[in-house]
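Residue strings, one per chain:
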Amino acid sequence: AFVVFNEYMWAFGSMSSYRSSDGRNWEQVELPPFIPRAATIFQNKIWMLDYNHSVWSSENGLAWTLIADKTPWLARTWPAWVSLKGRLWLFGGGGYSDGQYFYRNDVWSSEDGKNWSLISSAAPWQGRFWHGSAAYDGKLWILGGYRQDNSIGRGDFNDVWFSEDGLSWKPQDRVEWTPRHAMFVWVARGSLWISSGFGDSSDPYNDVWQYTSAY
């Protein structure tokens, strides 16, 4: 899990964790008391989803508080985990179980990380995992991802959907980057960016794309 917080870049892993103020010099920090899955900034804290789908928060990236040890959504891997408009959001994800893949396209939200509401049980985009996600321009975004029975790009997507409330979603009309999953997605300098990822190519992509909202 990666996040920028309190003038540091943080990299949380299952074996080691680090932080850096300049991207060149990295300081090893104590591991969280859980296996990190995804991180976001909310209420001026780091909020982490772990591999057991428990929710944790930290004011300094070093000491952690368990907020919710049980969450109401069905098990999954690689869900979106972002913060927007005073709420935490989780959507999408999937995995492999009992010899078959499964995919989610539900949307969940919380004001405190402990009490969660189901916003949509079936968003209009196809369920998937390994997708990119972001909070940008006052909206939730889901980008690309993987679904084995998708006919495009050996299971990879290059569609982009956005929503202001997690309930009503709209597709972006034109997406020029190739279908992919497991790409990097971030917001900087007023734009939404993606890079890398895996798709039809036998090698990972190393291209970089930028999108700036016209509104």
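Below, the structure is looked at part by part. (Residues numbered from 1 in each chain as written. Predicted model: local features only at pLDDT ≥ 70, side-chain atom pairs only at ≥ 80, totals over all residues. Heavy atoms only, no water.)

### Things to note about the side chain of Arg76
Now for step 1: For Arg76, the location among the structural elements is in the loop between strand E8 (65–68) and strand E9 (80–84).
Now for step 2: With residues up to four places along the chain from it excluded, the contact list for Arg76 reads Arg37, His53, Leu90, Gly92, Gly93, Gly94, Phe102, Arg104, Asp106 and Trp108. (Helix = DSSP H or I, 4+ residues; strand = E, 2+ residues; numbered from the N terminus. Contact = heavy atoms within 4.5 Å.)

### Some thoughts on the layout of surface pockets
Now for step 1: As a volume, the largest pocket reaches approximately 1,400 Å³.
Now for step 2: Along the wall of the largest pocket there are 36 residues; nearest its centre are Phe2, Ala39, Ser133, Phe184 and Val185.
Now for step 3: Of all the elements in the fold, those that place two or more residues in the lining of the largest pocket are strand E1 (2–5), strand E2 (8–12), strand E5 (36–42), E9, strand E15 (132–136) and strand E19 (184–188).
Now for step 4: The leading source of residues in the lining of the largest pocket is E5, at six residues.
Now for step 5: Lining of the second largest pocket is provided by 14 residues; of these, Gln172, Arg174, Trp177, Gln210 and Tyr211 occupy positions nearest its centre.
Now for step 6: The set of elements that each furnish at least two residues to the lining of the second largest pocket consists of strand E16 (139–146), strand E20 (191–195) and strand E21 (208–211).
Now for step 7: For the lining of the second largest pocket, the residue count by class is 10 nonpolar, two polar and two charged. (1 Å grid on protein atoms, 1.4 Å probe; cavity = no way out; pocket = protein on both sides within 12 Å on 5 of 7 lines; lining within 4 Å. Points joined across faces, edges and corners; volume = space filled by probe spheres on them. Nonpolar A, V, L, I, M, F, W, Y, C, P; charged D, E, K, R; others polar.)

### Let's talk about the sheet that holds E20
Now for step 1: Here three strands make up an open sheet; going across it, the order is E19-E20-E21 and the pairing antiparallel. Of all strands in the sheet, those bounded by a partner on one side alone are E19 and E21. Across this sheet, the average inter-strand angle for adjacent strands is 20°, counted without regard to direction.
Now for step 2: Looking at chain direction, E19 and E20 are connected through five bridges and run antiparallel. Looking at the pairing, Val187 lines up with Leu192 of E20. (Pairing = 2+ DSSP bridges. Axes fitted to C-alpha atoms, helices over the stretch in contact; angles between N-to-C directions.)

### What to know about the side chain of Ser58
Now for step 1: Within the fold, Ser58 resides in strand E7 (residues 55–58).
Now for step 2: Of the residues examined, Ser58 reaches a relative accessible area of 2% and is grouped as buried.
Now for step 3: At a separation of 2.7 Å, a polar atom in the side chain of Ser58 contacts the main-chain amide nitrogen of Gly61.
Now for step 4: Of note is the side chain of Ser58, whose polar atom sits 2.7 Å from the backbone oxygen of Ala63.
Now for step 5: Non-local contacts of Ser58, meaning those with residues more than four positions away in its chain, are made with Phe5, Lys45, Ile46, Ala63 and Trp64. (Buried < 20%, exposed > 50% of the residue type's maximum accessible area, 1.4 Å probe, protein only. Polar contact = N/O pair within 3.5 Å; in protein donor to acceptor, adjacent residues only side chain to side chain.)

### Observations concerning the nonpolar core
Now for step 1: Trp47, Val55, Trp73, Trp81, Leu90 and Trp116 are the most contacted members of the largest nonpolar core, which has 13 residues in total.
Now for step 2: Looking at this core, the elements with two or more residues in it are E5, strand E6 (45–50), E8 and strand E10 (87–91).
Now for step 3: Each residue touching Val55, except ones within four places of it in the same chain, is listed here: Trp47, Met48, Leu49, Thr65, Leu66, Ile67, Ala68, Thr71, Trp81, Gly113 and Trp116. (Core = buried A, V, L, I, M, F, W, Y, C linked by side-chain atoms within 4.5 Å.)

### Focus on the pattern of salt bridges
Now for step 1: Going through the model one piece at a time under the given rule, you end up with eight salt bridges.
Now for step 2: Residues Arg76 and Asp106 are paired through a salt bridge, measuring 2.6 Å at the closest nitrogen-oxygen approach. Residue Arg76 is located in the loop between E8 and E9, and its partner Asp106 is located in the loop between strand E12 (100–103) and strand E13 (107–110); the two are separated by 30 residues in the primary sequence. The pair formed by Arg76 and Asp106 is uniform in burial state, with each residue classed as buried.
Now for step 3: Residue Asp207 is joined to Arg180 by a salt bridge in which the shortest nitrogen-to-oxygen separation is 2.8 Å. (Salt bridge = Lys/Arg side-chain N within 4 Å of Asp/Glu carboxyl O.)

### Digging into the sheet that holds strand E17 (residues 156–163)
Now for step 1: Strand order across the open sheet formed by four strands is E15-E16-E17-E18, with antiparallel pairing between neighbours. One side of each edge strand has no neighbouring strand; the edge strands of this open sheet are E15 and strand E18 (170–171).
Now for step 2: Here six bridges tie E16 to E17, and the two strands are oriented antiparallel to one another. Note that in E17 the partner of Gly145 across the bridge is Phe157.

### Re unusual backbone geometry
Now for step 1: One non-glycine residue, Lys85, adopts positive backbone phi at about 55°.
Now for step 2: Positioned with a positive phi, Asp98 is a non-glycine residue whose angle comes to about 50°.
Now for step 3: Examined against the element boundaries, Asp98 turns out to sit in the loop between strand E11 (94–97) and E12.
Now for step 4: Among the residues examined, Asp98 registers a relative accessible area of 79% and is labelled exposed.

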